[in-house]
Structure formats: C-alpha cells, structure tokens
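Structural features, examined
Spelled out from the first residue to the last, the chains are:
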Amino acid sequence: MARRVAIGNNKGGAKKSTTAVRLAEALAKRGRRVGVLDLDPQGNASRRLGWKDNPEAPALTTSEAIEANAEGVAAQVWQPIGWQAEYADRISLMPARFTLEDRATEAGQRGAWRRLAKALRGADDHLDYVLIDCPPSLGHLTQMGLAAAHCAVASTEPEYDSVEAAVRYRDFVAASGEDLGNPDLRFLGIIVSGYDMRVGAHVGQLGGVREIFGDQVWGVVPRRALIANADEYAEPLSQVADSHEVRAVFELLAERFEKEVPAA
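Bear in mind the structure is a predicted one, so any value in this text is a computation, not a measurement. (Residues numbered from 1 in each chain as written. Predicted model: local features only at pLDDT ≥ 70, side-chain atom pairs only at ≥ 80, totals over all residues. Heavy atoms only, no water.)

A look at the overall build of the protein
Here is the rule we go by: Under the DSSP-based scheme used, a helix requires at least four consecutive residues in state H or I and a strand at least two consecutive residues in state E, with every element numbered from the N terminus. C-alpha atoms define the radius of gyration, and 2.2 Å times the number of residues to the power 0.38 defines the globule rule. Each residue is assigned to one of three classes by its accessible area relative to the maximum for its type, calculated with a 1.4 Å probe on protein chains only: buried under 20%, partly exposed between the two thresholds, exposed over 50%. Method for areas: the Shrake-Rupley scheme with a 1.4 Å probe, in which residue coverage is limited to the protein chains shown. Think of it this way: Lys and Arg go in the positive column, Asp and Glu in the negative one, and His and the chain ends go nowhere. Where a charge lies is defined by one atom per residue type, namely NZ (Lys), CZ (Arg), CG (Asp) and CD (Glu).
Across its full length, the protein carries 10 helices and 8 strands. Rg of the C-alpha trace for the protein: 17 Å, near the compact-globule value of 18 Å for 264 residues, within the 12% margin. Per-residue burial for the protein yields a buried fraction of 56% across its 264 residues. Only carbon and sulfur atoms are counted for the fraction: they give 47% of the accessible area of the protein, which is about 11200 Å². The average position of the 31 basic charges and that of the 37 acidic charges among the side chains of the protein differ by 2 Å.

Some details on the state of the cysteines
For clarity, the cut-off: Cysteine sulfur atoms are paired as a disulfide whenever they fall within 2.5 Å.
Throughout the structure, instances matching the rule amount to 0 disulfides. Its sulfur unpaired, Cys134 is 12 Å from the next cysteine sulfur, which belongs to Cys151.

Looking at the sheet that holds strand β4 (residues 91–94)
Picture the strands of a sheet paired through backbone hydrogen bonds; they go either parallel or antiparallel. Where we set the bar: At least two DSSP bridges between two strands are required for those strands to pair. We call two residues in contact whenever any of their non-hydrogen atoms come within 4.5 Å of each other. To obtain each axis, a line is fitted to C-alpha atoms, and for helices this fit is confined to the stretch in contact; angles are then taken between N-to-C directions over 0 to 180 degrees.
Strand order in the open sheet formed by 8 strands is β3-β4-β2-β5-β1-β6-β7-β8, with mixed pairing between adjacent strands. Whereas interior strands pair on both sides, the edge strands pair on one side only; in this sheet they are β3 (79–80) and β8 (217–222). As paired strands, strand β6 (residues 151–156) and strand β7 (residues 186–195) are joined by 6 bridges and run parallel to one another. Residue Ala154 lies in a different strand from β7, and its bridge partner there is Ile190. Each of β7 and β8 touches helix α8 (residues 200–213); the most contacted strand, β7, lies at about 170° to it.

Focus: the layout of surface pockets
Filter applied, for reference: As defined here, a cavity is a set of points on a 1 Å grid over the protein atoms alone where a 1.4 Å probe fits but cannot get out. A pocket is an open set with protein on both sides within 12 Å along at least five of seven lines, and residues line them when an atom is within 4 Å of a point. Grid points are joined across faces, edges and corners, and a volume is the space filled by probe spheres set on the points. The residue classification treats Ala, Val, Leu, Ile, Met, Phe, Trp, Tyr, Cys and Pro as nonpolar and Asp, Glu, Lys and Arg as charged. All others, Gly included, are polar.
Taken as a whole, the largest pocket holds about 340 Å³ of empty space. For the largest pocket, the lining is made up of 23 residues, of which Gly13, Ala14, Lys15, Thr18 and Arg48 are closest to its centre. When contributions to the lining of the largest pocket are tallied by element, the ones reaching two or more residues are α1 (16–29), α2 (44–48), β7, β8 and α9 (225–232). Tallied by class, the residues present in the lining of the largest pocket amount to 7 nonpolar, 8 polar and 8 charged. Lining the second largest pocket are Met1, Arg4, Arg114, Ala117, Arg121, Ala147, Ala148, Ala149, His150, Gly181 and Asn182. Among the residues making up the lining of the second largest pocket, the classes are represented as 5 nonpolar, 3 polar and 3 charged.

Remarks on unusual backbone geometry
Phi at Lys15 takes a positive value of approximately 70°, unusual for a residue other than glycine. Tracing the backbone shows Lys15 in the loop between β1 (3–8) and α1. With a phi angle near 50°, Asn69 is a residue other than glycine that sits in the positive phi range.

Some details on helix α6 (residues 140–148)
Counted residue by residue, α6 has 8 buried out of 9 residues, so it is predominantly covered. Taken residue by residue, α6 has His140, Leu141, Thr142, Met144, Gly145, Leu146, Ala147 and Ala148 as its buried positions.

Considering the nonpolar core
Our working rule: Throughout, nonpolar core names a set of buried Ala, Val, Leu, Ile, Met, Phe, Trp, Tyr and Cys residues whose side chains join them through atoms within 4.5 Å.
The biggest cluster of nonpolar side chains holds 47 residues, and the ones touching the most others in it are Leu37, Leu146 and Tyr169. Those elements that provide at least two residues to this core are α3 (62–68), α5 (115–120), β5 (129–133), α6, β6, α7 (160–176), β7 and α8. With 6 residues, the top contributor of residues to this core is α7. Residue contacts for Tyr169: discarding those within four places in its chain leaves Ala6, Ile7, Gly8, Asn9, Asn10, Leu138, Thr142, Leu146, Ala152, Val153, Ala154 and Phe187. Among the nonpolar cores identified, the runner-up in size contains 41 residues, and Ala20, Trp218, Val240 and Ala254 belong to it.

Quick word on empty space enclosed by the protein
With the rule as written, the count across this model stands at 1 cavity of 30 Å³ or more. What the largest cavity holds in volume is close to 50 Å³. Along the walls of the largest cavity sit Arg22, Glu25, Ala26, Lys29, Leu237, Arg247, Phe250 and Glu251, which together make up its complete lining. Ranked by residue count, the leading element in the lining of the largest cavity is α1, at 4 residues.

Here we look at the side chain of Arg97
Mapped onto the fold, Arg97 is located in the loop between β4 and α4 (101–104). The residues contacting Arg97, other than those within four sequence positions of it, are Pro41, Trp51, Asp53, Pro58, Ala59, Thr61 and Glu64.

And the structure:
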C-alpha cells in the first residue's frame, strides 16, 4: 500500500493544488512513484498535470471510483499525466471533474465516508505515495480523504485567514481520526506558499505560523511568477526557464517529506 497524505486547508486559495502538483513532481524526480488523487471538484490539480477530459469518451474519475462503492475499483481510474518530462511516467493521476460535487450529497448514506478508502484498497500498491488534494472544506469530501489517509499536511499562504483556516484543519484532523474509523491518522506538518518578504503582513504571519506549528513547518515557498505560469500552462517546473531556485525549494520539501513519511 502507498503512504497516503491528505493535503488540506479550510480555505480556498491556500495553494493546496500547487503544493500537491509540485511536491509530486519533486518526489518523482527523486525516483518515487507518486499518485495525485484529485478530491476537489474544481479539478485544478488534474488540469495542471496536463489532464484533458474527452467529452466524447469521458474518462473515469475520482467521482466514479467513489460512486461505485466497491473495493479496489480505483485501480481502473489511475491515468498517466500529460507532461512530457522524463520523470512524468512516475506520476499517476486520479482526476476530478465538477461532477465530484455530487458525491458530497451522499454524506448521509451508510458508510459513505469510507468509500474512498474502500476504492483504494489494493489499488495503490504500485505507488510509493498518494497525495490527496482536498477541497477547501472540512465537509464530506475532505472527510473521505482523511478516512483514507495515513497522515495529513496543511498548505497555507502567509495571510491571516489562510493561517487560521490551516489551524482549523490541523485541529479537525487531530479530533476526527476515531470518528472517521482511522485512529492512527496524524497531522504531520504545514507548508507556507506564496511568501513575499517585501510584504510586512507576510513576514508577520510567517512568524505566527512558526510560533503556532513549531517544528511542523516543513518549508516556505516564495511567491514567484514562474510558479503561477507553470500552473497556468500545465507545465513541469523542469521545463520553465530560470526555475532553479524554486525547484530547489520543492526538492528540499520532498526530502523533508520522505523523512516524515517513509515509504512502505
């Protein structure tokens, strides 16, 4: 079984999808086999990994894997990504489209919160890690992600609302393991993204994050236009000019990740 890590925050715009995509890229460059499980109906991680749905022959997605309510069905949903980088074949994607929102309406059905874990059972043995990109919510979809995960990581911007929402996510993870049938679930760390040292509020909030989370702060990703451009054009950072500094940041994050979440 792969080690599954839920990446979340109780607020949108916290760089969760960017964190999932770029961390997957850095881990793949280190030789790891990584699955990105898009659990957000917006499907941003899927698009940024170069996935394109075909309306004439729609692909299976996370939504169908959950809806099937069958053990191991996710094995039929993993797909290659659309990048052409040499390490791209080490990244698999379970994509999402907006219909994933329909699964949120099933929250009251018996055992619904365990359906993602059920779908993944035996379906990720070929991977070292699965990064679960959760929606900006603590609702049913995120709860399914946490029920399936071994541990959780927060992504935040250095802004008050985003940091406060990351604290809510951390506390929710700490309080919910038993209720989600996942008593070993642990919160491991937080990644601060979009940091600009020229912005006084960012400097102050980064200090606050370090005070609140202590050694659980895994790293700080600077605000750089080239990251936004790579996300916008669904490109790997290795193909973006002058991206050495940013690639080094994510490589260090991948190194910390592997220390905190040893592969099985």
